[in-house]
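Descriptive analysis of the structure
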2 protein chains.
Amino acid sequence: MLRTRGCRLITLLLAFHVVSCLWPMPRSLTNGSDFLRLSSGFSFSVSIAEAPADLLEAIDRTSSALQSTLIERLVVGRGAADSDTINNAPTLSSLEVSLTGNLPVRPVSEEAVLPLEERQESYSLLVPSDGSAASLVANSTLGILRGLATFEQMWYVLDETAYTNIVPLSIEGDAPAYPYRGFMLDTARNFFPVSDIKRTLDAMSFVKMSTLHWHVVDSQSFPLEVAEYPELSEMGAYSSSQVYSMTDVNDIVSYAAKRGIDVLMEIDVPGHTDIISLAHPSFIACSEASPWQKFAAEPPSGQLRLTSRAVIDFTTGLLGAVARRLPSAYFSTGGDEVNTACYMGDLQTQADLAASGMTLEEALDVFVHATQDALADEGKAPVVWEEMVLAHNLTLSKETVVMVWISSEHAAEIVKRDFRIVQAPSDYFYLDCGGGQWLGNDPSGTSWCDPYKTWQKAYTFNPLADLTPDQHPLVLGGQQCLWAEQASPENLDSIVWPRAASSAEVFWTGSTGPDGRPLDVNEALPRMHDVRYRLVKKGVRAIALQPEWCAVRPFQCNINA
Amino acid sequence: MLRTRGCRLITLLLAFHVVSCLWPMPRSLTNGSDFLRLSSGFSFSVSIAEAPADLLEAIDRTSSALQSTLIERLVVGRGAADSDTINNAPTLSSLEVSLTGNLPVRPVSEEAVLPLEERQESYSLLVPSDGSAASLVANSTLGILRGLATFEQMWYVLDETAYTNIVPLSIEGDAPAYPYRGFMLDTARNFFPVSDIKRTLDAMSFVKMSTLHWHVVDSQSFPLEVAEYPELSEMGAYSSSQVYSMTDVNDIVSYAAKRGIDVLMEIDVPGHTDIISLAHPSFIACSEASPWQKFAAEPPSGQLRLTSRAVIDFTTGLLGAVARRLPSAYFSTGGDEVNTACYMGDLQTQADLAASGMTLEEALDVFVHATQDALADEGKAPVVWEEMVLAHNLTLSKETVVMVWISSEHAAEIVKRDFRIVQAPSDYFYLDCGGGQWLGNDPSGTSWCDPYKTWQKAYTFNPLADLTPDQHPLVLGGQQCLWAEQASPENLDSIVWPRAASSAEVFWTGSTGPDGRPLDVNEALPRMHDVRYRLVKKGVRAIALQPEWCAVRPFQCNINA
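From a predicted model like this one, the values you see are computed outputs, not experimental measurements. (Residues numbered from 1 in each chain as written. Chains lettered and ligands numbered in written order. Predicted model: local features only at pLDDT ≥ 70, side-chain atom pairs only at ≥ 80, totals over all residues. Heavy atoms only, no water.)

**Re the packing of aromatic side chains**
The condition is simple: Any two rings among Phe, Tyr and Trp, with Trp reduced to its six-membered ring, count as a pair given centres within 6.5 Å; such a pair is stacked if its planes are under 30 degrees apart, edge-to-face if over 60, and tilted if neither. Put simply, DSSP H or I for four residues or longer makes a helix, DSSP E for two residues or longer makes a strand, and each gets a number counted from the N terminus. The classification of residues rests on relative accessible area computed with a 1.4 Å probe and restricted to protein chains. Under 20% of the type maximum is buried, over 50% is exposed, and intermediate values are partly exposed. Look at NZ for Lys and CZ for Arg. If either is within 6 Å of the ring centre and within 35 degrees of the ring normal, a charge sits over the ring.
Evaluation of the coordinates by the stated rule reveals 44 aromatic pairs over all chains. Ring geometry for A:Trp405 against A:Tyr430: centres 6.2 Å apart, planes inclined by 10°, an arrangement best described as stacked. Here A:Trp405 is found in the loop between strand E14 (401-404) and helix H15 (411-416), whereas its partner A:Tyr430 is found in the loop between helix H16 (426-429) and helix H17 (455-459), with 25 residues between them in sequence. For A:Trp405, a relative accessible area of 11% translates into the label buried. With relative accessibility at 2%, the residue A:Tyr430 sits in the buried group. Here the aromatic cluster, defined as three or more aromatic residues joined through ring pairs, consists of A:Tyr178, A:Tyr428, A:Phe429, A:Phe461 and A:Phe507. Sitting over the face of the ring of A:Tyr156, A:Arg534 holds its NZ or CZ atom 4.7 Å from the ring centroid. In this structure, B:Arg532 packs its charged tip against the face of B:Tyr533, placed 4.7 Å from the ring centre.

**Thoughts on the state of the cysteines**
Residue and element names in this part refer to chain A. As a reminder of what qualifies: Note on disulfides: each one is a pair of cysteine sulfur atoms within 2.5 Å.
Evaluated as defined, the whole model comprises 6 disulfides over all chains. A sulfur-sulfur separation of 2.0 Å characterises the disulfide bridge that pairs Cys 286 with Cys 342. Disulfide Cys 286-Cys 342: the torsion about the S-S bond is -100°, which places it as left-handed. A residue pair is termed long-range when its members are at least 10 positions apart, and Cys 286 in the loop between strand E10 (284-285) and helix H9 (292-295) and Cys 342 in helix H11 (residues 340-344) qualify at 56 residues. Of the residues examined, Cys 286 reaches a relative accessible area of 13% and is grouped as buried. Disulfide pairing is shown between Cys 550 and Cys 557; the S-S distance is 2.0 Å.

**Structural notes on the domain arrangement of chain A**
Residues and elements named next belong to chain A. Quick reminder of the rule: Delimitation of the domains relies on an automatic or database domain assignment. The criterion used for residue contact is that any of the two residues' heavy atoms lie within 4.5 Å. Note on terms: buried area is the combined drop in 1.4 Å-probe accessible area of two parts once they are placed together, counting the loss on both. For salt bridges, the criterion is a side-chain nitrogen of Lys or Arg within 4 Å of an Asp or Glu carboxyl oxygen.
If you check the domain split of chain A, you get domain 1 (29-174), domain 2 (177-267 + 400-509) and domain 3 (271-396). For domain 1 versus domain 2, the separation of C-alpha centres amounts to 29 Å. Tallying the contact residues gives 20 residues for domain 1 and 18 residues for domain 2. In total, domain 1 and domain 2 occlude about 1600 Å² of area from one another, counting both sides; carbon and sulfur atoms represent 53% of this. Our enumeration of links across domain 1 and domain 2 arrives at 3 salt bridges. Taken together, the elements giving at least two residues each to the side of domain 1 that touches domain 2 come down to helix H2 (53-68), helix H4 (108-111) and helix H5 (141-153). By residue number, the principal contributor to the side of domain 1 that touches domain 2 is H5, which donates 7 residues.

**So, the confidence of the model for chain A**
Residues and elements named next belong to chain A. Counted only if it meets this: For every residue, the pLDDT score states the predictor's confidence, bounded by 0 at the bottom and 100 at the top.
With 97% of its residues at a pLDDT of 70 or more, chain A shows a mean pLDDT of 96. Between the elements of chain A, mean pLDDT differs from a low of 42, seen in helix H1 (residues 2-13), to a high of 99, seen in strand E8 (residues 211-215). In this model residues 1-13 is a low-confidence stretch, pLDDT under 50, and it forms 12 contacts with partners more than four residues away in sequence or in other chains. Model confidence for the complex: the whole-complex pTM is 0.96, and ipTM, which rates the interface, is 0.95.

**Here's the deal with the packing of H2(A) against H5(A)**
Residues and elements named next belong to chain A. Selection rule: To obtain an axis, a line is fitted to C-alpha atoms, over the contacting stretch when the element is a helix, and the angle between two such axes runs from 0 to 180 degrees between their N-to-C directions. The cut-offs work like this: below 35 degrees is roughly parallel, past 145 is roughly antiparallel, 65 to 115 is roughly perpendicular, and the gaps in between are oblique. Here the nonpolar group is Ala, Val, Leu, Ile, Met, Phe, Trp, Tyr, Cys and Pro; Asp, Glu, Lys and Arg are the charged ones; every other residue, Gly included, is treated as polar.
Interhelical geometry of H2 versus H5 gives an angle of 0° and a closest axis separation of 10 Å. Taken together, the axis directions place H2 and H5 in an arrangement best described as roughly parallel. Across the interface between the two elements, Leu 55, Ala 58, Ile 59, Arg 61, Thr 62, Ala 65 and Leu 66 from H2 touch Thr 141, Ile 144, Leu 145, Leu 148, Phe 151 and Glu 152 from H5. Along the lines of polarity and charge, the residues of the contact of H2 with H5 split into 9 nonpolar, 2 polar and 2 charged.

**Examining the relation of the copies chain B and chain A**
Let me state the cut-off plainly: Least-squares superposition of the copies uses the C-alpha atoms of those residues scoring a pLDDT of at least 70 in each of them.
Between chain B and chain A, which share one sequence, the superposing operator has a rotation angle of 180° and an axial displacement of 0.0 Å; the RMSD is 0.0 Å. Taken together, the rotation and translation relating the two chain copies correspond to the operation of a two-fold axis. Minimal C-alpha separation from the rotation axis in chain B is found for B:Gly434, amounting to 3.3 Å. When the interface residues of chain B are mapped onto chain A, 100% of them are again interface residues, pointing to one common binding face.

**Points about the interface of chain B and chain A**
Spelled out, the test is: By the criterion applied in these results, polar contacts are pairs of N or O atoms within 3.5 Å in which, for protein atoms, one can donate a hydrogen and the other can accept it, and in which residues neighboring in sequence qualify only through two side-chain atoms.
Counting residues at the interface gives 60 residues for chain B, matched by 60 residues for chain A. Of the roughly 5000 Å² buried at the junction of chain B and chain A (both faces included), carbon and sulfur atoms supply 53%. Our count for the contact surface shared by chain B and chain A stands at 2 salt bridges. A:Arg532 is the partner of B:Glu490 in a salt bridge, and the nearest nitrogen-oxygen pair spans 2.8 Å. Summed over the shared surface of chain B and chain A, the number is 30 residue pairs in polar contact (both at pLDDT 80 or more). Elements with a contribution of two residues or more to the side of chain B that touches chain A: helix H9 (292-295), helix H17 (455-459), helix H20 (521-537) and helix H21 (548-551) of chain B. Per-element accounting of the side of chain B that touches chain A gives the leading share, 5 residues, to H20(B). Among the residues forming the side of chain B that touches chain A, the class breakdown is 25 nonpolar, 25 polar and 10 charged.

**A few points about the layout of surface pockets**
It is a probe the size of a water molecule, rolled over the atoms, that shows where empty space is left. Basically, it comes down to this: Put simply, the grid is 1 Å and covers the protein atoms alone, a cavity is a trapped set of points that fit a 1.4 Å probe, a pocket is an open set with protein on both sides within 12 Å along at least five of seven lines, and lining residues have an atom within 4 Å of a point. Grid points are joined across faces, edges and corners, and a volume is the space filled by probe spheres set on the points.
If you add up the space inside the largest pocket, you get close to 940 Å³. If you trace the largest pocket, you find 37 residues lining it, with B:Leu70, B:Ile71, B:Glu72, B:Val157 and B:Lys537 closest to the centre. Of all the secondary-structure elements, those providing two or more residues to the lining of the largest pocket are strand E1 (30-46), helix H2 (53-68), strand E5 (156-158), strand E6 (161-174) and H20 of chain B. In terms of residue count, the dominant contributor to the lining of the largest pocket is E1(B) (5 residues). Looking at the lining of the largest pocket residue by residue, the class counts come to 14 nonpolar, 14 polar and 9 charged. In this structure, the second largest pocket spans a volume of roughly 520 Å³. Lining the second largest pocket are 20 residues, with A:Arg78, A:Tyr533, A:Val536, A:Glu548 and B:Gln242 positioned closest to its centre. Here the lining of the second largest pocket takes 4 residues from helix H20 (residues 521-537) of chain A, the largest share from any one element. Taken together, the residues of the lining of the second largest pocket break down into 9 nonpolar, 5 polar and 6 charged.

**Regarding the UniProt feature "domain: Glycoside hydrolase family 20 catalytic" (unreviewed entry) in chain A**
Applied cut-off: UniProt positions are given in the numbering used here, feature names are shortened, and annotations may be inferred rather than shown by experiment.
As annotated by UniProt and renumbered to match this structure, "domain: Glycoside hydrolase family 20 catalytic" (unreviewed entry) occupies residues 178-510 of chain A. Regarding residues 178-510 of chain A, the helix share stands at 36% and the strand share at 14%, and the terminal C-alpha atoms are separated by 8 Å.

**Re the pairing of E6(B)**
Residue and element names in this part refer to chain B. Just so we agree on the cut-off: DSSP bridges decide pairing: two strands pair if at least two such bridges lie between them.
Among the 14 residues in E6, 12 count as buried, and that is most of the element. Pairing of E1 with E6, which is carried by 5 bridges, proceeds in the antiparallel orientation. Residue pairing across strands places Asn 31 opposite Leu 169, the latter belonging to E6. Two strands pair when backbone bridges link them, and strand E3 (residues 123-127) and E6 are joined in this way by 4 bridges, in the antiparallel orientation. When the sheet's bridge partners are listed, Val 127 is paired in E6 with Leu 169. With 3 bridges joining them, E5 and E6 adopt antiparallel strand pairing. Bridged to Leu 158 within E6 is Thr 161. The antiparallel hairpin formed by E5 and E6 contains 2 residues in its connecting segment, where Asp 159 sits at a positive phi of about 50°.

Encoded structure:
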């Protein structure tokens, strides 16, 4: 009661004061501009019966972060000018964490992998300015996890004192505009150790992202150990030390789930599979054919012989074996860039088609259905890239989630066919663009998707462009993607962060901020600097977006400032 | 005698076999394709009376590298297929290191900072295939240092056995085509700790670069401690922990010199100096004026009041104080982007001009002469950016070295005026291009010098373009540059390496390789991969240029492969 009254009172008294922290911006926020210190004896008081272990671990991580990875405020002098104010400010001793509603109390890791429409991420956070207890309330442990990230981001440090300057603060029922807020990582063109993926998951969780889309294998390498098909990684990995063992995968999936992140794994078929030819030559058509341009989007060429019964059995067996071990409700079979010339020139495929009397498109439909049935048997909803809907005449289940990638202008056409979509358009969200030509022998070449996609460009993406209101529910969210032809552990953080935080806010906060104004790069820049400095303090090598001179002087480095 | 005869014999017998290692490519190279192992008891035998300590340290570093940072060969299987051949190969027990000629024996660190025309970097390396002693001979310790880098790069590792497959090898008198092979780092827009600079110097030395052009201060921050002017860094550094103390500078300069690198420091005047206004407001015109575009190339605006006697005395005093403590024969006063509107709108400057009866250009000439005289007093040759010659009508000493930056097409015009040049054109060598717009409030903005300058683009640079043979001696060399508006310790390595190795080869090897063919990105790519993997093994976060599948399959990822 008291808390509720407090809440209402504050809501009445407060306007929205500009904040230079919090990413993504909560959808509901009223706050003041008073200072408050974190008491040296600050503690989280958890009033949840049988609180799940992974929730308590999340609270412990937040507690450690408040002591070790806070940043100084990004203003000239880094906050020193407010030293007296800070030292004389009231102190906060406790954050009361509780669950409301009548949902069963489940571990964060269970709630993080529920079907998207069932995820409960809403939370309310109240931080009075007088030092009386703050409260974080949600109707799910996943919601509590989201609220903890917001709470951590409120605080700055000066001379070892943690403080905030945006209280009283009231966030009531902050919940994401879209459930799918992802990042896609390609671990096949170049390999990334488990530690790099975990660090990426930490950063994703800090900005409330919900999905790691793991493009784990491709034509260049097969770094995934599968018990039933050990030959694939034994022969297809770059080396025995560049393999995700089944233990590694479990470790990553569990690490992610505890941080509110679902791992959507992708095994891209029938294209992007040449590496399988090392273990099963007879399964692959046009393997390493020349010139590769004729048979594939990039070297090496090679696609599964989709007309072969043996290949269909292998593929469905592989998909089932991998999907079966994952908690996610989704699994991606890719399906992009299927090359027709490869099959047209393949004698076995042509013989199979002649024998069956099917066209290639009909055979592809049979193949895709077999893969989708295999996923259905494991209780997974299928995810595919856009060509499966736009380039081929297939009869896909409406359960299928379709990923837009070739162009943001393709979303409407897919939605028109009544499929749910994930927005991952290369013209806004591809992090590999602008790094130059990676193919050899092309001195003046640029990347296929120039220019570099800046955080600002990604931030201006409109998830609902070209869609009618009744179609809006079909947009599940979106993600930025890192294809790794020119990426490796050496530049993973710097090419991804803080840029990937752009879509995290676009898909959490939605089209307008809590003040009702449309999202705007000018308003966002100081907060983007803030989250970047926080990520660096947390050990993520996020790059500087401007000279530090600009980072501590909001708006003074604008064009026409 | 024996060695000489061996040399001649091998030269007669050998053709140039393709090598996939060595960066930069030696200008003279004959080699076979036999295998040779490094004996577990391998040692360097130094026959140099009173060998300088820093030469012995360099040999120790090479010795450690041979044991700890060799890479596996970049072929499918990473060399395992040659296991038997390697295990049955002869073993090399010793590399005999000696000096020839009659030059005085000097420490590497003394030879590295000599005037460019006096540097002796030539070396000869002979590695027989039968296990008999190899030899490294030079007429200077600096030459020995260059040869050690070549020797280290010959070796690969397989199952803890170090081996090479390019013997017998004979390099006779490999010497750089140009003495100035640099890299420029801006430490003012964002700060880089000493450890980052040292790691960069290690990488530079590994590819035989000779100069670190240190753009240490600018309008955004003054991270340089100067004993006589402590207020500049006290008030102008981003923070007290973001300052290069005089001890740090000595440490960096000495670390560099021991690795064959001269530190050319730059204090850019009269523009790019606004930060000085914090300590000396009266010295700066148009400080933080608005709109900044009218008064500077980027925020904040602010330039030294060059017409003021007090400012001239301060500037010459500052330059002298910094230059005096550095061993280099050169010092840069910058001089780029002097903004006329800033001075036209500055009352004091206008009053000074009226009183003196000088035009702004005449006053600039007086100012520049004063700075050059201050450097001459310290025995330094002045270095300036191209505008000092092309945009202003100044009477510069012909000792002046001019840096080309605005366009590669400007080189000829500067050379025509009989100045020596360093090639640093933004259209080939600016590493910051292509990262998007860093100024605020410009969602679709690109960088001012798009596109991204790939290693391939830099590699195709012709240092002698548009010049007549008699003008060639005026080209001292060149460098790639990192301006740090969007760079920080988080992406220093990934934005610089391996790209900066391109110019290291262009300016060492010159226009043609040892086989007489023009430098060619297609031939260079496997070696660029090789040096990139070596840099990573040494702890430099150099990025992947292609999928590893391509890195171990030379030429198969070419366009039209």
